[in-house]
Amino acid sequence: MIAQQFDYSAPESVSEALSLLSSQKGSRLLAGGQSLIPMMKLRLSTPARLIDLGRIAELHYIAEVNGSVRIGAMSTHNQLETSETLHRKCPLLAEAAGRIGDVQVRNLGTIGGSLSHADPAADYPAALLAVQAQVRLVRQGGERTVSIGNFLVDAFTTALEPGEILYEVIVPVDQTGLSSAYLKFQQPASGFAVVGVAAQVAVQGGNFSVARVGITGVGSASYRATAVEKALEGRPATTATIEAASRLATQGVEALSDLYAAADYRAHAACIYTRRALGAALSRAK
Ligand code: FAD
């Protein structure tokens, strides 16, 4: 199907994009177009104007700044996957980026577009929850920074207000001694996560001193598996501890049911992938 007719603007700065966004009702930001264009072709989205962020140089960067890694919204999945800075400072995020879709999608799709689209099966949220990332949102005359957990409200719903642009993702890099892994059970055609689990652990004196687990694909929004984390922290860093804790992976979460996986199957897979991701993270611990 062909998309409905629309106007098109390609601003060269964020301030120009913000002013366009507030000046015409029905405007929509365009990033990599990997989710928005298919939706427009299906007429699930019919914007009056597309504001293409592709020419805004200030949104393309991955840089270490004041104890954090800052990732501009227009950084592509491929740029995250291959970023030397991320491999050094936050390998979990690079690993998750490398598991998104196929090469074509990774070359065009962006972290800002993926987070703003908020597909409940997207890969980034699991990793960003585990590393306790924040997002910086800008609007005309102001900005705010929110935790990734508060940004991702529900399926296809975020905390973005009309007139706001997701400017950057902020990842704290005080991750000394942490090891991590991202594993997913993927939908065979698209590569989206039926279940995706990001695990980050640290071990001290033979016990888990830190355990963080982010899960995507299972509920209507990605979540931190806090019951699993509590069952790990302070306990012996063994496969038996992981095995017992992983059974709590869906505690308090209503698992989704769709064509690819019924709710009970998905919940079971979540426990298995939590166990495997934690096992992989532990095996990488120094
Ligand atoms: P767009 O499609 O351009 O925009 C998406 C939405 O975000 C739009 O509503 C747009 O207005 C809004 N938006 C964009 N940028 C901003 C911003 N800076 N601030 C505010 N709003 C903004 N994803 C996965 O996670 N895992 C997968 O395995 C996976 N497989 C895929 C397979 C295929 C075949 C395809 C086509 C997509 C797949 N995706 C997958 C989705 C992909 O990651 C997209 O790149 C992503 O969902 C959207 O990013 P985008 O840059 O293309 O955004």
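The structure this text deals with has already been given above.
Here goes a summary of the coordinates provided. Residue numbers here run from 1 along each chain, matching the order of that chain's written sequence. For a predicted model such as this one, the threshold for reporting local features is a pLDDT of at least 70, and the threshold for listing and counting side-chain atom pairs is 80 or more; totals across whole chains, interfaces and linings nevertheless cover every residue. Side-chain descriptors were evaluated using all non-hydrogen atoms of the structure, hydrogens and water having been removed beforehand.

## What to know about the packing of aromatic side chains
Working step 1: Between rings of Phe, Tyr and Trp, where Trp is taken as its six-membered ring, a pair exists when centres lie within 6.5 Å; planes separated by under 30 degrees are stacked, by over 60 edge-to-face, and by other angles tilted. Per the stated rule, a full pass over the model turns up two aromatic pairs.
Working step 2: Centre to centre, the rings of Phe 185 and Tyr 273 are 5.8 Å apart; their planes meet at 20 degrees, and the pair counts as stacked. With a gap of 88 residues between them, Phe 185 in strand E11 (residues 179–186) and Tyr 273 in helix H12 (residues 263–283) connect regions that are remote in the sequence.
Working step 3: For the exposure calls, accessible area comes from a 1.4 Å probe over protein chains only, and a residue counts as buried if that area is under 20% of its type's maximum, exposed if over 50%, partly exposed in between. For Phe 185, a relative accessible area of 26% translates into the label partly exposed.
Working step 4: Put simply, the rings of Phe 185, Tyr 265 and Tyr 273 touch in pairs and so form one group of aromatic residues.
Working step 5: We call a charge positioned above a ring when the Lys NZ or Arg CZ atom is no farther than 6 Å from the ring centre and deviates by at most 35 degrees from the ring normal. One Lys or Arg, Arg 276, reaches over the ring of Tyr 273 and ends 5.1 Å from the middle of that ring. In DSSP terms, a helix is any run of H or I states spanning at least four residues, a strand is any run of E spanning at least two, and both are numbered starting from the N terminus.

## Here's the deal with the pattern of salt bridges
Working step 1: In what follows, salt bridge is the name for a side-chain nitrogen of Lys or Arg lying within 4 Å of a carboxyl oxygen of Asp or Glu. In total, this model carries 14 salt bridges according to the counting rule given.
Working step 2: Here Lys 89 and Glu 64 are joined by a salt bridge, their closest N and O atoms 3.7 Å apart. Residue Lys 89 is located in helix H4 (residues 84–89), and its partner Glu 64 is located in strand E4 (residues 62–65); the two are separated by 25 residues in the primary sequence.
Working step 3: Between Arg 266 and Asp 258 there is a salt bridge; the shortest N-O distance is 3.1 Å.

## Thoughts on the side chain of Thr 274
Working step 1: For Thr 274, the position within the fold is in helix H12.
Working step 2: Ignoring sequence-local partners within four residues, the contact set of Thr 274 consists of Val 197, Val 213, Ile 215, Val 228, Ser 246 and Ala 249. Residues count as neighbours in contact if any of their non-hydrogen atoms are within 4.5 Å of one another.

## Section: the side chain of Thr 85
Working step 1: When you line up the elements, Thr 85 lands in helix H4.
Working step 2: Thr 85 sits in the buried class, given a relative accessible area of 14%.

So far we have only geometry, and geometry alone does not tell us how the molecule works.
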